[in-house]
Amino acid sequence: MNLFRKKDPSTVSSDEGDGHGGHLNKVLNVRDLTFFGVAAIIGGGTFSAIGQACHAAGPAVVILYVICAIACGFTAMCYAEFASRVPVSGSAYTYAYVSFGELFAWIIGWALLMEYSIGNIYIAFSWSGYFTNLIPGLPEYLTINYTAAHSAFLSNTLGEGYSAWTNAPQIGGLRIIFDLPAVVINILITALVFIGTKESRNISNAMVLVKLVIIVLVITVGIFHVDIDNWEPFMPNGFTGVMAGVSAVFFAYIGFDAVSTLAEESKNPQRDLPRGMIYSLVICTVIYIILALVLTGMVSYTSLGVSDPLAEIFKSKGIKWMLFIVSIAAVVAMTSVMLVFQMGQPRIWMSMSRDGLLPKRFASIHPRFKTPGFSTIITGLVVGIPIFFTDENFVLDFTSIGTLFAFVLVCGGVLTLPRNTDAKVKGKFRMPYVNAKWIVPVITVAGMTLVFMKASDIFYIVNEEAKTTSFNYPMIIFFFVWASVALFSFIRNYSLIPVLGVLSCCYLLTGMGWKNWVMFLIWLLIGLAVYLLYGYKNSKLNTQNKT
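Everything quoted here is computed from the prediction, not taken from an experiment.

K.L.:
Please set out the overall build of the protein chain residue by residue, giving values where relevant.
P.N.:
From N to C terminus, the protein chain includes 22 helices and four strands. In the protein chain, buried positions account for 56% of the 547 residues. Taking as baseline every contact in the protein chain between residues at least 6 positions apart, the subset at least 24 positions apart corresponds to 83%. By element, 67% of the accessible surface of the protein chain is carried by carbon and sulfur atoms, the whole surface being about 22,600 Å².

K.L.:
Which residues make up the pattern of salt bridges, and what values go with them?
P.N.:
In the structure shown here, the tally under the stated rule is two salt bridges. A salt bridge links E102 to R5, with the nearest nitrogen and oxygen atoms 2.8 Å apart. One end of the pair, E102, is in helix α5 (residues 102–134); the other, R5, is in the segment before α1 (30–41), and 97 residues separate them in sequence. In this pair, the class of E102 matches that of R5, namely buried. Note that R31 is salt-bridged to D32, the shortest N-O span being 3.8 Å. R31 sits in the exposed class, given a relative accessible area of 51%.

K.L.:
I'd love a proper account of the nonpolar core, names of residues and values included.
P.N.:
Judged by nonpolar contacts, the single largest core of 166 residues is most densely connected at F47, Y65, Y253, F256 and F314. Here this core takes 18 residues from α5, the largest share from any one element. Setting aside residues no more than four positions away along its own chain, F314 makes contact with V218, V221, G222, M298, I319, M322, L323 and V326. I144, A149, A164 and A168 belong to the second-largest nonpolar core, a separate cluster that totals six residues.

K.L.:
Go over unusual backbone geometry, please, and point to the residues and values.
P.N.:
Cis peptide bonds are those with omega within 30 degrees of zero, and the linkage from E232 to P233 qualifies with -5 degrees. Position of P233 among the secondary structure elements: in the loop between α9 (197–223) and α10 (238–243). We note that N493 has phi near 55 degrees; this positive angle belongs to a residue other than glycine. Within the fold, N493 resides in the loop between α19 (473–492) and α20 (496–509).

K.L.:
Lay out the packing of aromatic side chains with the relevant residues and their values.
P.N.:
Per the counting criterion, the structure on display carries 23 aromatic pairs. Ring geometry for F4 and F104: centres 6.0 Å apart, planes at 40 degrees, overall tilted. Pair noted here: F4 is in the segment before α1 and F104 is in helix α5, with a separation of 100 residues, a long-range link. Measuring from ring centre to ring centre gives 5.7 Å for F478 and F479, while their planes differ by 80 degrees; the resulting arrangement is edge-to-face. Judged by relative accessible area, which is 8%, F479 ranks as buried.

K.L.:
I'd like a description of helix α13 (residues 309–316), backed by residues and values.
P.N.:
Inspection of α13 places P309, L310, A311, I313 and F314 among the buried residues, and these make up the whole buried set. Within two residues after α13, G318 carries a phi angle of roughly 75 degrees, on the positive side.

K.L.:
Can you lay out the packing of helix α3 (residues 61–85) against helix α4 (residues 92–99) for me, pointing to particular residues and giving the numbers?
P.N.:
Axis angle and axis distance: for two packed helices, these are the angle between their axes and the distance between the axes, and together they describe the pair. Across the interface, α3 lies against α4 with an axial gap of 10 Å and an inter-helix angle of 75 degrees. In terms of orientation, α3 lies roughly perpendicular with respect to α4. Residues Y79, F82 and A83 of α3 form the contact with α4, whose own contacting residues are A92, Y95, V98 and S99. Grouping the amino acids of the contact of α3 with α4 by side-chain chemistry returns six nonpolar, one polar and no charged.

K.L.:
Describe the packing of α19 against α20, listing the residues and the values that go with them.
P.N.:
α20 packs onto α19 with a crossing angle of 175 degrees between their chain directions and a minimal axis gap of 10 Å. Comparing their axes, α20 and α19 come out roughly antiparallel. Packed against α19, whose contacting residues are M475, F478, V481, W482, V485 and S489, the element α20 presents V499, V502, L503, C506 and Y507 at the interface. Residue composition of the contact of α19 with α20, by class: ten nonpolar, one polar and no charged.

K.L.:
Give me the lowdown on the environment of E81, citing residues and values where you can.
P.N.:
Looking at where E81 falls in the secondary structure, it is placed in helix α3. C-alpha separation for the pair E81 and C411, spaced 330 residues apart in sequence, amounts to 9.8 Å.

K.L.:
Which residues make up the side chain of S336, and what values go with them?
P.N.:
Take S336: it is sitting in helix α14 (residues 320–354). Since its relative accessible area comes to 0%, S336 is described here as buried. Those residues in contact with S336 that lie beyond four places of it in its chain are A39, I42, M207 and K211.

K.L.:
For a nonpolar patch on the surface, give the residues involved together with the corresponding values.
P.N.:
On the surface, a cluster of nonpolar side chains totalling about 620 Å² of accessible area is made up of W438, V442, L487, F488, F490 and I491. Within the element layout of this structure, F490 appears in helix α19. Residue F490 is classed as partly exposed on the basis of its relative accessible area of 33%.

K.L.:
Give me the lowdown on α4, citing residues and values where you can.
P.N.:
Of all eight residues in α4, eight are buried; the element is thus mostly enclosed. Taken as a whole, α4 has its buried residues at A92, Y93, T94, Y95, A96, Y97, V98 and S99. Phi turns positive one or two residues past the end of α4, at G101, with a value near 115 degrees.

K.L.:
Break down the environment of G196 for me, with residues and values.
P.N.:
The topology assignment puts G196 in the loop between α8 (180–195) and α9. Sequence separation of G196 and K370 is 174 residues, and the distance between their C-alpha atoms is 6.8 Å. Setting aside residues no more than four positions away along its own chain, G196 makes contact with F369 and T371.

The rules behind these values
What you see as residue numbers is a count from 1 along each chain, following the sequence as written. Only residues with pLDDT of at least 70 are given local features in this predicted model, and only at 80 or more are side-chain atom pairs given and counted; all residues enter the totals for whole chains, interfaces and linings. Heavy atoms throughout the structure, all of them, feed into the side-chain values; hydrogens and water do not. We count a stretch as a helix when DSSP gives it H or I for four or more residues in a row; a strand needs E for two or more, and each element gets its number in order from the N terminus. Residue exposure (1.4 Å probe, protein chains only): buried if accessible area is under 20% of the type maximum, exposed if over 50%, otherwise partly exposed. In what follows, residue pairs with any heavy atoms lying within 4.5 Å of each other are defined as contacts. With residues, only the protein chains shown are counted as cover, and all accessible areas are computed by Shrake-Rupley using a 1.4 Å probe. Whenever Lys or Arg places a side-chain nitrogen within 4 Å of a carboxyl oxygen from Asp or Glu, that contact is recorded as a salt bridge. What is meant by a nonpolar core is a set of buried Ala, Val, Leu, Ile, Met, Phe, Trp, Tyr and Cys residues, joined one to another through side-chain atoms within 4.5 Å. For this analysis, a ring pair means two rings from Phe, Tyr or Trp (six-membered ring only for Trp) whose centres lie within 6.5 Å, classed as stacked if their planes differ by under 30 degrees, edge-to-face if by over 60, and tilted for the remaining angles. Axis definition: a line fitted to C-alpha atoms, over the contacting stretch in the case of helices. Angles run 0 to 180 degrees between N-to-C directions. Any angle from 65 to 115 degrees is called roughly perpendicular, while one under 35 is roughly parallel, one over 145 is roughly antiparallel, and all others are oblique. Residues are grouped as follows: Ala, Val, Leu, Ile, Met, Phe, Trp, Tyr, Cys and Pro are nonpolar; Asp, Glu, Lys and Arg are charged; every other residue, Gly included, is polar. Only residues whose relative accessible area exceeds 30% and that form no salt bridge are eligible for patches; like-charged ones are grouped when within 9 Å, while nonpolar side chains (Val, Leu, Ile, Met, Phe, Trp, Tyr) are grouped when within 5 Å.

Take a look at the structure:
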């Protein structure tokens with residue numbers, strides 16, 4: 001049972017910096033946190049992944065954006081509840097520690113490594129693509145990753161990858177192929193985050209204003225080239241096609257939770273963290289829906305399966321001056337995303353180190369810059385090294401499934417906490433309590449009745465090309481989870497919002513392919529081995545129990 005030992009929420013305070021090299025600078029207010037949220041959300045998902053989502057779902061991708069927004073909205077409320085009670089760095093890791101116990105906390109911390117660090121690898125690749133549009137002239141072997149170039153050569157696909165492989169210089173038989181812009185931006189972002197939170201805040205706020213202005217310009221210009229005939233058929237690939245875009249669409253929302261990692265640098269975290277997360281989520285959802293409608297209205301959804309969809313549509317319409325504007329916006333947007341993610345990961349490692357699950361060095365605060373310096377450098381290496389040998393498609397799916405898993409545990413963690421009775425404390429967030437005792441069972445019975453009337457569409461996956469049919473195991477598992485949650489809601493009078501958060505995030509997980517699950521399980525097994533070999537015996541709770 002020591003695997004599930006918990007931290008007492010009442011003992012967790014924003015003063016945990018004592019004895020670890022000092023405190024972090026408290027310089028962030030609600031506007032800064034909202035801007036950090038927008039900075040993290042609007043990036044690769046807006047300028048790159050949105051094209052894959054539109055290609056899979058057609059104009060109906062807006063439905064998926066709404067579904068993901070609802071799921072993230074419920075999750076944001078749960079994050080806000082935890083942030084109000086446990087106003088320290090660590091995000092979902094710390095929240096899981098006080099609700100589920102140490103093993104789950106480690107799993108969440110390990111999964112968040114997929115969201116922030118590995119997610120930044122995808123952003124770096126996307127950033128590079130738009131940057132090379134602005135500054136052409138670099139040889140192909142310095143603008144593409146090794147894996148993509150090798151795959152293009154093996155498949156004999158003519159283009160940038162094939163050219164890079166055949167023209168790359170060699171040292172000892174090894175071809176020198178790597179994405180130089182992606183490597184450089186990672187180094188620059190790491191240096192900025194290392195220097196300080198205040199400097200990062202100022203640059204992030206400026207970049208958010210720039211990219212919002214340019215996105216409004218993109219929407220304004222695009223509206224005049226919308227052809228409503230492109231919205232027919234609205235759902236060309238059925239609802240299965242809509243759900244096929246889950247990885248891409250959900251990736252567009254990843255980032256609002258990164259705000260919670262900045263608790264110890266917030267002036268009033270119990271008030272401002274919840275507001276910052278919710279405000280940024282609402283702003284970005286409105287932008288995504290409008291942008292998706294404009295994209296699918298300007299051109300056929302079939303032509304949007306590219307890495308730079310915004311640039312592609314203006315190119316196809318002959319609006320060449322917008323290509324430059326879009327590239328600038330993409331570079332600025334994705335730079336801000338990398339900045340926020342690169343800030344989030346070191347603070348999670350810092351919290352894990354404080355608890356003894358990682359070596360003490362990870363918790364060290366730089367004496368001059370007041371940032372977790374060592375963890376920041378390690379984060380830069382974790383992002384930078386894979387840039388040389390991985391590719392963006394692998395990273396995209398890997399990131400989304402890890403984040404959704406973390407969201408499920410955060411929402412479930414709220415259900416384990418006692419009711420919040422601090423409603424009268426001015427400025428302190430309190431999630432509204434709505435008893436799910438009857439609501440969720442009724443929704444469950446009605447939903448399952450409707451679903452079983454069309455069971456063949458839900459529980460089976462039809463491959464039209466191969467003429468084969470297979471069981472949709474993730475969906476089958478989801479229905480067992482749904483029924484179980486409904487039963488416990490009736491027995492234990494659970495709060496409605498976190499219950500809906502658990503169910504909506506679990507539903508989105510059904511859109512992940514089996515390869516994603518296999519990779520995720522392997523990743524968790526590696527993390528579990530690290531915990532058992534080091535974290536379990538060095539945990540602060542373990543040493544306290546011995547004394």
